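Examination of the molecular architecture
Listed here are the chains, written in short residue letters.
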Amino acid sequence: MGYSLRRLARARTGLLVAPLTVAALLVGVPAAGASPAKPASGAAPGAAQQRLAAISGKVDALIGKMTLAEKFGQLEMSGPSGANGTPGQTLLDEVRNGQVGSVLDLVGVANINQVQQAALQSRLHIPVIFSLDVIHGYKTIFPVPIAEASSWDPAAVQNDEAISADEATADGIKWTFNPMVDISRDPRWGRVVEGAGEDPFLGSAIAAAKVRGYQGSDFSALDKMAATVKHFAGYGAPVAGREYNTVDMSEQQLRNDYLPPYKAAVDAGAATVMSAFNSLNGVPASANPYLLSTILRKEWGFGGTVVSDYQAIQELIDFGFATNGADAARLALTAGVDIEMGVQVPSQFATYPAFGPDLVRSGQVSLATINNDVRHVLTLKYLAGMFDHPLTDPARVQHEELTPAHLAAARTMAARSMVLLNNRNNALPLSTGASSVAVVGPLANDPADQLGPDVPIGYSIDQGKVVSVLDGIKAAVPGATVNYAQGCDTSCTSTDGFGAAVSAAKAAAVTVVVVGEPAADSGEASSRSDISLPGQQLALVQAVAATGKPYVVVLMNGRPLTISWLADNAPALLESWFPGTEGGNAVADVLFGKVNPGGKLPMSFPRNVGQIPISYNELPTGRPYDPNNKYTSKYLDVANTPQYPFGYGLSYTTFALSNLHVSSGSIPASGTVTVTADITNTGTTTGDDVAQLYVHESGTSILQPVRRLEGFQRVTLKPGQAQTVTFKLGSASLGFYNNQGQFAVEPGPFDVYVGDSSVGGLHSQFTVH
């Protein structure tokens, strides 16, 4: 069955059925200012509840022994202070004195064990927990998250994160600041590379899969780690796509479009939530009780730990929201931030230890609030197994990092994530019998940029065994002459190397041109106002095209780009994103037909930046587009449609959808309707397609998107093979939030579409009465 009933994130406000995992026990930890959360319906009443009760007793006993300063120590996160990433004496003294409860950005099992041994010498022997941005791999680097989402395969994504957790925990890291689940419709924003694109349904499925991959059913297991859903909330919608900029949106847009993936991650058992850098509707997220208390704690029943983003509490002063450090600490503590992510020397820069005790003594922050924050932190440590297994066996590293199985998984996922955008006259796949191949372009032999942004601190390219596209092609066609010419570097400000590239293309039977962005152009603090190919990279492609010899283009990038010339002219265009450690082999697998591409876009590609923000699920207007009527909603100089729409992707074979069937023409608001369709491989090659279900309701109290994804299923079919895909739509899929934050299923007619992109497809209807 496709992803439809798993629509956790659009469910009615309140607690839902939680996964039967230890992580779900976090729901039982009461939030500040809230009544203890009721156990989720279906939660195991036996061993799981007994374990929670035992943990609660231990936590209460520890809190009873702690001084106020020690309590604030648990709420402070610090990092290494030594040279070359070593712990440093400052950090060792902090943890030994109980001034720090968690550590970020420290890697290497020897370093981590050294700090943990110091923590175990503290008065109460409370271990610290070690955290890191493990975003798309630790030693084995997988494709970047936007690429993972392009697979439309949550099970594969879950496997990626399980491997990442295995490798990171071998070094002693038990807490990752991932998944980033921020929805974004603006590719100028650099952090689209870390998310799942523009759609809340796909984003929710990917978010839940990542949490399950990192945490498993019990993240106290040695090879599992606590996950963090971030950045709460709305961080992906900054004005003008400019990093850290303000976010302002209606209540219905927040709840219908932006909150669902966070909710899905929480429902999947996410242990922690990170507050965002941005302000939302005029209130900074790290001082926003509506987000952190009303929605997260009270409505969703989240009982885990909330951590700020890096120095976000101090930045409340820069916002002008807090008047000084004490005011910033007060605002964050009372809003619901448990842990302050500070810097190397908390006594100088962090607000909680500096001002927190006096805030409690003066009555500006209650001791009950601090005790509850500490309870969240200590419970996290117990659930992560830090008290039972504080030290990590150094022998794990050699057995659990960069293993052949992990590298094979990275290669499979990279190929599974690639999206074929153009393939005129079957330019791809290339023949493995080609006598000669020219490999051209700034990213053809660039292992560092191929990995993309957000590679873990301390990662070594030499250690990482990165396979470039050039190396992958050489391995794929060992009998061919393979000549390489870079042409230019990724900035491509000089054309001096174009001559060599053109000569290589002229001498070869076919040329593979690999262009795109350097990794530094994507990720945090990497917004771009121009999202075309950097420098003269397009001119390099055009110079190769001018030879008249066959060529194909591979893109390597972290966001949708404006590539109208390539879209109109390139014989074949393969979106590989930043494909990771095994990316070169995976690109070659697709280019030479060992793998038939089946990825689909999780984000629309605009024709130019003037269309941004752009997404398929826009609201209708009173003057819909009419090419023959100037006074309709359109541009004078460009079509409304994207260059490539959400859900789009080609294959080396062809598919046909037929026999759309809706089980009932009319259902009650509490009812369920089943939608089925047949998908057939009508070509000559085994391949994958993604059946996608969209709905639209008319006559509602507020406008509904022209289409809204509510189900998908990736299928593999042999030539001539057919399969029936089945989707079930219930109230969680058919309702929406109004501007009062209330969820409702309203009566009215529904259009149903089943296709393999957000455009076109089979159509039917039913009514909710």
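Small disclaimer: the values here were computed from a predicted structure and weren't measured. (Residues numbered from 1 in each chain as written. Predicted model: local features only at pLDDT ≥ 70, side-chain atom pairs only at ≥ 80, totals over all residues. Heavy atoms only, no water.)

1. Details of the overall build of the chain
Helix and strand counts for the chain stand at 25 helices and 26 strands. Relative to the 2.2 N^0.38 estimate, which gives 27 Å for 769 residues, the radius of gyration of the chain is 26 Å and therefore close to what a compact globule would have. If you line up the chain on its principal axes, its C-alpha atoms span 75 × 65 × 50 Å. Here the chain, with 769 residues, has 62% of them falling under the buried criterion. Across the chain, the 50 positively charged side chains and the 65 negatively charged ones have centroids separated by 5 Å. (Helix = DSSP H or I, 4+ residues; strand = E, 2+ residues; numbered from the N terminus. Rg over C-alpha atoms; globule rule 2.2 N^0.38 Å. Buried < 20%, exposed > 50% of the residue type's maximum accessible area, 1.4 Å probe, protein only. Lys, Arg positive; Asp, Glu negative; His and termini not counted. Charge placed at Lys NZ, Arg CZ, Asp CG, Glu CD.)

2. Some thoughts on the environment of Lys465
Considering the arrangement of structural elements, one finds Lys465 in the loop between α19 (461-464) and α20 (469-476). Between the C-alpha atom of Lys465 and that of Gly487, which follows or precedes it by 22 residues, the distance is 24 Å. In contact with Lys465, other than residues within four places in its own chain, are Leu402, Leu407 and Thr581. (Contact = heavy atoms within 4.5 Å.)

3. A word on helix α8 (residues 251-258)
Most of α8 sits inside the fold, with 7 of its 8 residues counted as buried. Along α8, the residues classified as buried are Glu251, Gln252, Leu254, Arg255, Asn256, Asp257 and Tyr258. Against the buried residues of α8 lie α7 (200-215), α9 (260-267), β7 (279-280), α10 (289-299) and β23 (736-737).

4. Remarks on the state of the cysteines
Here the structure, examined in full by the defined rule, presents 1 disulfide. The disulfide that involves Cys488 links it to Cys492, with 2.1 Å between the sulfurs. Where Cys488 bonds to Cys492 through sulfur, the torsion about that S-S bond is close to -95°, and the disulfide is left-handed. The pair formed by Cys488 and Cys492 is uniform in burial state, with each residue classed as buried. (Disulfide = S-S within 2.5 Å.)

5. A short note on the environment of Asn97
Turning to its location among the elements, Asn97 is positioned in the loop between α3 (88-96) and β2 (102-104). Judged by its relative accessible area of 52%, Asn97 falls in the exposed class. Expressed as a C-alpha distance, the spacing of Asn97 and Pro238, which sit 141 residues apart in the sequence, is 40 Å.

6. Looking at the pattern of salt bridges
Taken as a whole and judged by the stated rule, the model has 27 salt bridges. The closest approach of N and O atoms between Asp133 and Lys230, which form a salt bridge, is 3.3 Å. Taken together, the positions of Asp133 in the loop between β3 (129-132) and α5 (145-150) and Lys230 in strand β5 (residues 228-232) put the pair 97 residues apart, joining distant regions of the chain. For Lys230, a relative accessible area of 2% gives the class buried. Put simply, Glu710 and Arg708 hold a salt bridge, and the shortest N to O gap is 2.9 Å. This pair shows no difference in class: Glu710 is buried, exactly as Arg708 is. The network of salt bridges with common partners includes Asp153, Arg416, Asp688 and Arg714. (Salt bridge = Lys/Arg side-chain N within 4 Å of Asp/Glu carboxyl O.)

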